Amino acid sequence: MKRSLSMMVIAFIYLFFLRIILAFTIPIKLFNVGLFFDGIILCFFMFIMMKIFRSARSQKIFYGVFLLFWTTLTVANSIYYTYFYTLVSRSSLQGLSVMSAGLTQEYDLQIPIYFWLLFLVNIAVIVLIANQKRADYFFKSDYFGLVFITLLQVVILFSFYHPKEEATLEYYQSDAYLYQAMHDRVTFTEKYGYYYYHLVDLFRPIPTIDEESFLNEITEFFNQQEPHTQNDYSGLFEDYNLVKITVESLDTRFIHPTISPTLYKMMHEGYHFDQVYVPVFQQGATCNSEFMATTGLMAINSNDFSNNICDAYDENSFPYALPNQLNDIGYQTYYFHSGHNWFYNRENIIPQLGFQTVKFQEDLIEIGHTTFTDRLDTNLMLFVDEYVDLNERFFIQFLTYSLHGAYNHKDFVHHDYLVTEAYGEDLDSEIRVYLQKLAEFDLFLTMLVEALINANVYDETLFVIYTDHYPYMLNPDTFSEFLGVTYDSAELYHQSLIMYNSQMQPTVFSTVGATIDITPTILNLINPNAEFKYFFGKDLTSETEGFALLQDLSIVDKDNRYYLNKPYTGDPSKEEALQDALVKYITIFELQKKLLNIDYFSHLSE
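In this report, we go over the structure that sits alongside the text. Quick caveat: nothing in here was measured; it's all calculated off a predicted structure. Every chain is numbered independently, its residues counted from 1 as its sequence is written. The predicted origin of the model limits local features to residues at a pLDDT of at least 70 and limits the giving and counting of side-chain atom pairs to 80 or more, whereas totals for whole chains, interfaces and linings rest on all residues. The side-chain figures draw on all heavy atoms in the structure; neither hydrogens nor water molecules are used.

Here's the deal with the sheet that holds strand β12 (residues 561-562)
Line of reasoning, step 1. Ordered by their spatial adjacency, three strands build an open sheet running β10-β11-β12, and the pairing between neighbours is antiparallel. Only two strands of the sheet have a single neighbouring strand rather than two, namely β10 (548-549) and β12.
Line of reasoning, step 2. When DSSP locates at least two bridges between a pair of strands, those strands are taken to pair. Runs of E in the DSSP output that reach at least two residues are strands. Runs of H or I that reach at least four are helices, and both are numbered from the N terminus. Note that strand β11 (residues 555-556) and β12 share two bridges and pair antiparallel. Among the inter-strand pairings, V556 is bridged to a residue of β12, identified as R561.

Given below as structure tokens:
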């Protein structure tokens, strides 16, 4: 019998064609070392499949499924990168649940026409393979080639092994850490291969957990934390009510005195933290941001065997989260979101953070609000009317919805007169809808203020308003042109944190910080004797030099950004301080994974 490799060769050529397509849609260099690794892993994989599937029919079925899988994944990566600037991972597949729930219309997901053409090419290739007369076959002597490829795989894997994982810049910048953490998926793909990345991501085992070692390591870290130092702002709003609002997809650069007058007033007449960065840990960016802002801890990215914190750690204990600490001093704590209770598993994770009353749209519908519309933030007032006793000291956490993409909705056209008054008629359609949605949120905020005034508690209430992430569903070119912010800049994540009380003196705080710093800052204002030891975040009213870690594990100060694997181009005098901060924060980032995996805080009560 003659050697035959026709189906394998056709598949190989098509898979290389997909890599070319990917290079045009994602900034992954086509010719790099990763392409060599891809060739090795594909040879190894397809040779093994040839041995398993020996008949021509079974091989044709295999190649048909195999090529369709990679075609679909290439399209998915290209679309995913458009929104999130990274590749999909195994854990990202959990996000497909929104499709089964009928939420794709809400996201306005569309597959460009050229990707449909790619599927037609895929079908043509499958037909070509189906018309091959003979099964792929190789001689026993070819096994030497397979053995060589196998040994080469082993050598490559061992080359990534780093015998001593330690908290040093050298290690965090090494290929070993990139391979272990997959913190930069695009760089990983360029170095180790696109197909190799996905196969490693799909099949790598979950690391073993050394609970005692992790427990000792985390405890030692917290025991070395410097104690919280009070300052002139400590306790200024002690015993005040607290309203904390996570504003979905708010970019604070859009705040406008005509479109959002109440929000504008709070920003300019309250405490304005103008150097806050909001890292976007995908997937589950909103859930992860809520977690960071409520616990003072970090999030994780979806390469860590979890789609997001809310889905993976809903049974963990968080006794030092903001609501739990306020419960301890007599606050009534509430959490309201107009979305579904099951989305990101909020019905389970939110009570674990300490909220006593947790309500979603299902709860309002159940008690008779059958026409409830989640898109309109003004409907959040129904939660206040139905569930909140404003005569008791309260902490209310809202998660809004109106500013969520997509930006083709017609529900907000009644606010268009404000947008026209501010910007005229000549405005991009997506920006116009976004600003209409901003006006809807501001109307809710105004209604909430009026309700608190009518209950005689407005002057004793502290507002905290922050975003979960930039509006990544806005057209990137439109967004960049309107705001002058490029998508490869740290400015994309640069937002404002707003704190307001009617008795405040307008103050701007310019300490660099991030979402994890929100809870420590709040507690310093309303309960400075709280437990600060178990936060990774800091109080932003302090005068300490600040840094913020972004989701790609780069670090920023006021003027500079230091990447793990890119040349530094900032102020040379700041480089050493940025390096030290980067090591510190990545070490905390790694510690966070261990903290979550062993449910660290549950051990403290034992």
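So, the packing of helix α13 (residues 261-269) against helix α21 (residues 429-454)
Line of reasoning, step 1. To obtain each axis, a line is fitted to C-alpha atoms, and for helices this fit is confined to the stretch in contact; angles are then taken between N-to-C directions over 0 to 180 degrees. For the pair α13 and α21, interaxial distance at closest approach is 7 Å and the crossing angle is 70°. The angle between α13 and α21 falls in the class roughly perpendicular. Together, P261, T262, L263 and M266 of α13 and L438, F441, D442, L445, T446 and V449 of α21 make up the contact between the two elements.
Line of reasoning, step 2. Ten residue types, Ala, Val, Leu, Ile, Met, Phe, Trp, Tyr, Cys and Pro, are classed as nonpolar, four, Asp, Glu, Lys and Arg, as charged, and the remainder, Gly among them, as polar. Here the contact of α13 with α21 is built from residues that sort into seven nonpolar, two polar and one charged. Working rule for angles: under 35 degrees goes down as roughly parallel, over 145 as roughly antiparallel, 65 to 115 as roughly perpendicular, anything else as oblique. Working rule for contacts: check all heavy atoms of both residues, and any pair within 4.5 Å makes them a contact.

Focus on unusual backbone geometry
Line of reasoning, step 1. In this structure, the amide linkage connecting G405 to the following residue, A406, adopts the cis form with an omega of 10°.
Line of reasoning, step 2. Structurally, A406 is set in the loop between β5 (394-399) and α20 (416-423).

Here's the deal with the environment of V449
Line of reasoning, step 1. Mapped onto the fold, V449 is located in helix α21.
Line of reasoning, step 2. Note on classification: 1.4 Å probe, protein chains only; a residue is buried when its accessible area is under 20% of the maximum for its type, exposed when over 50%, partly exposed between these limits. Judged by relative accessible area, V449 falls into the buried class, the value being 10%.
Line of reasoning, step 3. Each C-alpha atom, one on V449 and one on T461, is 9.7 Å from the other, the two residues being twelve residues apart in sequence.
Line of reasoning, step 4. Beyond its immediate chain neighbours, meaning those up to four positions away, V449 contacts T262, M266, Y458 and F463.

Brief notes about the state of the cysteines
Each disulfide consists of a covalent bond between the sulfur atoms of two cysteine residues.
Line of reasoning, step 1. Note that a disulfide, as used here, is simply two cysteine sulfur atoms within 2.5 Å. A complete count under the given rule lists one disulfide for this structure.
Line of reasoning, step 2. Here C287 connects covalently by a disulfide to C310, the sulfurs 1.9 Å from one another. Sign of the S-S torsion, about 110° for the bond between C287 and C310, identifies this disulfide as right-handed. Here C287 is found in helix α14 (residues 285-295), whereas its partner C310 is found in helix α15 (residues 309-312), with 23 residues between them in sequence. Taken as a pair, C287 and C310 share a single burial class, namely buried.

A look at helix α2 (residues 33-52)
Line of reasoning, step 1. Over its 20 residues, α2 runs 29 Å from end to end, which matches the ideal 28 Å to within 8%, given 1.5 Å per residue.
Line of reasoning, step 2. Of all the residues in α2, the buried ones are G34, L35, F37, D38, G39, I40, I41, L42, M46, F47, M49 and M50. In this analysis, the expected span of each helix is defined as 1.5 Å times one less than the number of residues it contains.

Section: the side chain of T246
Line of reasoning, step 1. Take T246: it is sitting in strand β1 (residues 241-247).
Line of reasoning, step 2. Those residues in contact with T246, other than ones at most four positions away along the chain, are E290, Q397, F398, L399, T400, Y466 and D468.

Some remarks on the packing of α2 against helix α11 (residues 194-203)
Line of reasoning, step 1. Packing of α2 against α11 leaves a shortest axis separation of 7 Å and a crossing angle of 55°. The orientation of α2 with respect to α11, classified from their angle, is oblique. Two secondary-structure elements touch here, α2 through D38, I41 and L42 and α11 through Y194, Y195, Y196 and L199.
Line of reasoning, step 2. Its residues placed into classes, the contact of α2 with α11 shows six nonpolar, no polar and one charged.

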